[in-house]
Amino acid sequence: MFKEIERKYLIKNIPKDYKNFPSVEIEQYYLAPKNITLRLRKISSEKDKYYLTFKYGKGIVRTEIEPQISKYLYIFLVKYFAISVIRKTRYIIPMSNYTIELDIYKGKVNRLITAEVEFKSLENYETFTPPKWFRKDVSLDPKYKNKMLAEKLKK
């Protein structure tokens, strides 16, 4: 089992050079009730990759399992089990000892821009100083969880 430790921020100003960094298109479908995240994720770049993600827990440290699956299993699960979807472009921005994942959302939440930073330890999490272009830490605010955004969109 893998433990995910991350912070999520709203963005004040996008860096002017953000398009110079590598990016991928992400499509995430949600399949499970609210207390568990069961997600299908397609990451589009030069070669598409498909994942089935299980997340459990609350707060900044959660259990996460994310095996890669075939395109055919992905299509089948989306067709018969998907409840809601989120689409976004993710820019991968290196920053000293961390990687920032800048997410620019599409569709009905197209004005939302967030950044996520994952940490190897709680010590790294606690000593992290966000860059000036970050606005507000929303890591513990449930309304900014992708699953909650997707649930809101399906209504």
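Position numbers for residues start from 1 in each chain and track the written sequence from start to end. Local features in this predicted model are restricted to residues of pLDDT 70 or higher, and side-chain atom pairs are both shown and tallied only at a pLDDT of 80 or more, whereas totals for entire chains, interfaces and linings draw on every residue. Excluding hydrogens and water, the side-chain figures rest on all heavy atoms present in the structure.

A. Highlighting the pattern of salt bridges. The salt bridge definition used is simple: a Lys or Arg side-chain nitrogen within 4 Å of an Asp or Glu carboxyl oxygen. Overall, the coordinates contain 13 salt bridges when judged by the stated rule. The partner of Glu27 in a salt bridge is Arg87, with the nearest N and O atoms 3.0 Å apart. Pair noted here: Glu27 is in strand β2 (residues 23-30) and Arg87 is in strand β7 (residues 84-95), with a separation of 60 residues, a long-range link. Of the residues examined, Glu27 reaches a relative accessible area of 18% and is grouped as buried. Between Asp48 and Lys42 there is a salt bridge, with the nearest N and O atoms lying 4.0 Å from each other. Judged by its relative accessible area of 32%, Asp48 falls in the partly exposed class. Sharing partners across several salt bridges, the network here consists of Lys8, Lys88, Arg90, Glu101, Asp103 and Glu116. Only DSSP runs of H or I covering at least 4 residues are called helices, and only runs of E covering at least 2 are called strands; the numbering of each starts at the N terminus. Exposed residues in this analysis have more than 50% of their type's maximum accessible area, buried residues have under 20%, and partly exposed residues fall in between, with area computed by a 1.4 Å probe over protein chains only.

B. Expanded view of the pairing of strand β5 (residues 61-65). By the convention used here, strands pair only if DSSP detects at least 2 bridges between them. Here strand β1 (residues 2-11) pairs with β5 via four bridges, running antiparallel. What sits directly across from Lys3, in β5, is Thr63. Where strand β4 (residues 49-56) lies against β5, three bridges are found, and the strand directions are antiparallel. The residue bridging Phe54 from the neighbouring strand is Ile65, located in β5. The hairpin turn running from β4 into β5, its antiparallel successor, is four residues long, and Gly57 in that turn takes a positive phi close to 120°.

C. Focus on a nonpolar patch on the surface. On the surface, Leu73, Phe76, Tyr80 and Phe81 cluster together into a nonpolar patch covering about 410 Å² of accessible area. Looking at the secondary structure, you find Tyr80 in helix α1 (residues 71-81). Like charges within 9 Å and nonpolar side chains (Val, Leu, Ile, Met, Phe, Trp, Tyr) within 5 Å are joined into patches, using only residues over 30% in relative accessible area that form no salt bridge. Surface exposure here means Shrake-Rupley accessible area, sampled with a 1.4 Å probe, where a residue is shielded only by the protein chains that are shown.

D. Structural view of the confidence of the model for the protein chain. Confidence along the protein chain averages 89 in pLDDT terms, with 96% of residues attaining 70 or more. The least confident element of the protein chain, judged by mean pLDDT, is helix α3 (residues 146-154) at 77; the most confident is strand β6 (residues 68-69) at 96. Across the chain, each position has a pLDDT score giving the predictor's confidence in that residue, from 0 to 100.

E. Representation of unusual backbone geometry. Positioned with a positive phi, Ser96 is a non-glycine residue whose angle comes to about 35°. As for its placement among the helices and strands, Ser96 is situated in the loop between β7 and β8 (98-105).

F. Representation of the nonpolar core. Counting 18 residues, the largest nonpolar core has Ile100, Leu102, Val117, Phe119, Phe128, Trp133 and Phe134 as its most contacted members. Secondary-structure elements contributing two or more residues to this core are β1, β7, β8 and β9 (113-119). Ranked by the residues each element gives to this core, the list is headed by β8, at four residues. Setting aside residues no more than four positions away along its own chain, Ile100 makes contact with Tyr91, Ile92, Ile93, Met95, Ala115, Glu116, Val117, Pro131, Trp133 and Phe134. The nonpolar core is taken to be a set of buried Ala, Val, Leu, Ile, Met, Phe, Trp, Tyr and Cys residues, with the residues joined through side-chain atoms within 4.5 Å. Tyr29, Leu40, Ile69 and Val78 belong to the second-largest nonpolar core, a separate cluster that totals 11 residues. Note on contacts: a residue pair is in contact if any heavy atoms of the two residues lie within 4.5 Å.

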